Amino acid sequence: MRIDILTLFPQMCDAVMSESIIGRARKAGNVEINCIDIRDYTLDKHRRVDDKPYGGGMGMIMAAQPVYDCFESLCKEIGKKPHLIYLTPQGKILTQKRVIELAQLDHLALLCGHYEGIDERVIEQLKPEEISVGDYVLTGGELPALIVADSVCRMLPGVLSSSECYEQESHFASLLEYPQYTHPSEWKGRAVPDVLLSGHHANVEKWRREKALERTYTRRPDMLENAELSKEDLNFLSNMKKQ
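Residues numbered from 1 in each chain as written. Predicted model: local features only at pLDDT ≥ 70, side-chain atom pairs only at ≥ 80, totals over all residues. Heavy atoms only, no water.

**What about the overall build of the chain?**
Threshold: Secondary structure elements are defined from DSSP: runs of H or I of at least 4 residues count as helices, runs of E of at least 2 residues count as strands, and each element is numbered from the N terminus. Note that the radius of gyration is over C-alpha atoms, with the globule rule given as 2.2 Å times the number of residues to the power 0.38. Exposed residues in this analysis have more than 50% of their type's maximum accessible area, buried residues have under 20%, and partly exposed residues fall in between, with area computed by a 1.4 Å probe over protein chains only. Two residues qualify as a contact provided that any one of their heavy atoms is within 4.5 Å of a heavy atom in the partner residue.
Along the chain, the regular secondary structure elements total 10 helices and 9 strands. Since a compact globule built from 243 residues should have a radius of gyration of about 18 Å, the 22 Å found for the chain marks it as more spread out than a globular shape. Reported as C-alpha extents along the three principal axes, the dimensions of the chain are approximately 70 × 40 × 40 Å. Residues classed as buried in the chain amount to 40% of the 243 residues present. Within the chain, counting contacts between residues at least 6 apart in sequence, those at least 24 apart form 72% of the total.

In structure tokens form, the structure reads like this:
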């Protein structure tokens, strides 16, 4: 997969995407990530990409021209239009389901707004998918773009050591993840549950499943509506409700 991040802060994005698991995946060729500077496409001799909003108001608005020309240049380079995502608090909330779907594509372009947003006319012209990472506002789209890129990249073949690394994680199957423990077996008087020390794999898996169901029921019961639940799962939840 190729991911292009269209931003006013390419060095910031590249620094994050060069670290840890994603950084190693880039070096190994499992994913190509490019951070493109929108300022390189402005026609303003001072490299300005923003101006005051018509109608008055606080802040500045990113102009349509450099954003449009930046994306058009990318399209000409690759000979087609990649799937464009505009990171905005007005978009649909990102979900693990959508992450899995995006990971099936071969090319994503992530557009980062800044200041008070982007001239609406270029949004109307390009018709991007609009995604939000939560019901709050940040100073720009860079952090949300990095979240999208990171969440998509870890779904790609070869990025993680095995699909099991994410198949039992929170949200993957509409359940929160079970509690995790490591050495030592006792810390500050708190012991690791005996079942995890037993070596009995079936009992361990049963415990983990029940803990995932319990956590989801108590913390995010809304997620259970989309979870695939067995008869045993339903019986467990029913007993929980009676307690």
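From this point on, the discussion continues.
**Focus: unusual backbone geometry**
The omega torsion across His183 and Pro184 is 5 degrees, close enough to zero to call that bond cis. When you line up the elements, Pro184 lands in the loop between α7 (164-167) and β8 (186-187). Positioned with a positive phi, Lys127 is a non-glycine residue whose angle comes to about 50 degrees. For Lys127, the location among the structural elements is in the loop between α5 (120-126) and β7 (129-132). Unusually for a residue other than glycine, Lys188 sits at a positive phi of about 50 degrees. Among the secondary structure elements, Lys188 is positioned in the loop between β8 and β9 (190-191).

**Side note on the environment of Met12**
In this fold, Met12 is placed in helix α1 (residues 10-17). By relative accessible area, which is 36% here, Met12 ends up partly exposed. A sequence separation of 131 residues divides Met12 from Leu143, and the C-alpha atoms of the two residues are 9.5 Å apart. Beyond its immediate chain neighbours, meaning those up to four positions away, Met12 contacts Glu142 and Leu143.

**What about the environment of Arg209?**
With respect to the helices and strands, Arg209 occurs in helix α9 (residues 201-219). Setting aside anything within four residues of it in sequence, one finds Arg209 in contact with Leu175, Glu228, Leu229 and Asp233.

**Describing the state of the cysteines**
Selection criterion: Cysteine sulfur atoms are paired as a disulfide whenever they fall within 2.5 Å.
Scanning the entire structure with this criterion turns up 0 disulfides. No disulfide involves Cys153; its sulfur sits 11 Å from the nearest other cysteine sulfur, which is in Cys35.

**Digging into the sheet that holds strand β6 (residues 107-112)**
Here is the rule: By definition, two strands form a pair when at least two bridges between them are found by DSSP. The convention used is that axes are lines fitted to C-alpha atoms, helices contributing only their stretch in contact, and that angles between N-to-C directions extend from 0 to 180 degrees.
An order of β2-β1-β6-β5-β7 is seen for the 5 strands of this open sheet, with the pairing classed as parallel. Two strands bound the open sheet, and with one partner strand each, they are β2 (32-37) and β7. When strand polarity is set aside, the average angle formed by the axes of neighbouring strands in this sheet is 30 degrees. Inspection of the sheet shows strand β5 (residues 83-93) paired to β7 by 5 bridges, in the parallel sense. The partner of Ile93 across the bridge, within β7, is Ser132.

**Side note on the pattern of salt bridges**
Heads up, the rule is: Definition used for salt bridges: Asp or Glu carboxyl oxygen within 4 Å of a side-chain nitrogen of Lys or Arg.
Applying the stated criterion to the full structure yields 17 salt bridges. Across the pair Glu32 and Arg2 runs a salt bridge whose closest N-O atoms are separated by 4.0 Å. Taken together, the residues Glu32 in strand β2 and Arg2 in strand β1 (residues 2-7) connect sequence positions 30 residues apart. You can call Glu32 partly exposed: its relative accessible area is 38%. Accessibility expressed as a relative area gives 14% for Arg2, which makes it buried. With a shortest N-O distance of 3.6 Å, Arg208 and Glu205 are connected by a salt bridge. Remark: Glu205 and Arg208 occur in helix α9; sequence separation between them is 3 residues, near one turn of the helix. One salt-bridge network, in which partners are shared between bridges, spans Arg2, Asp4, Glu32 and Glu77.

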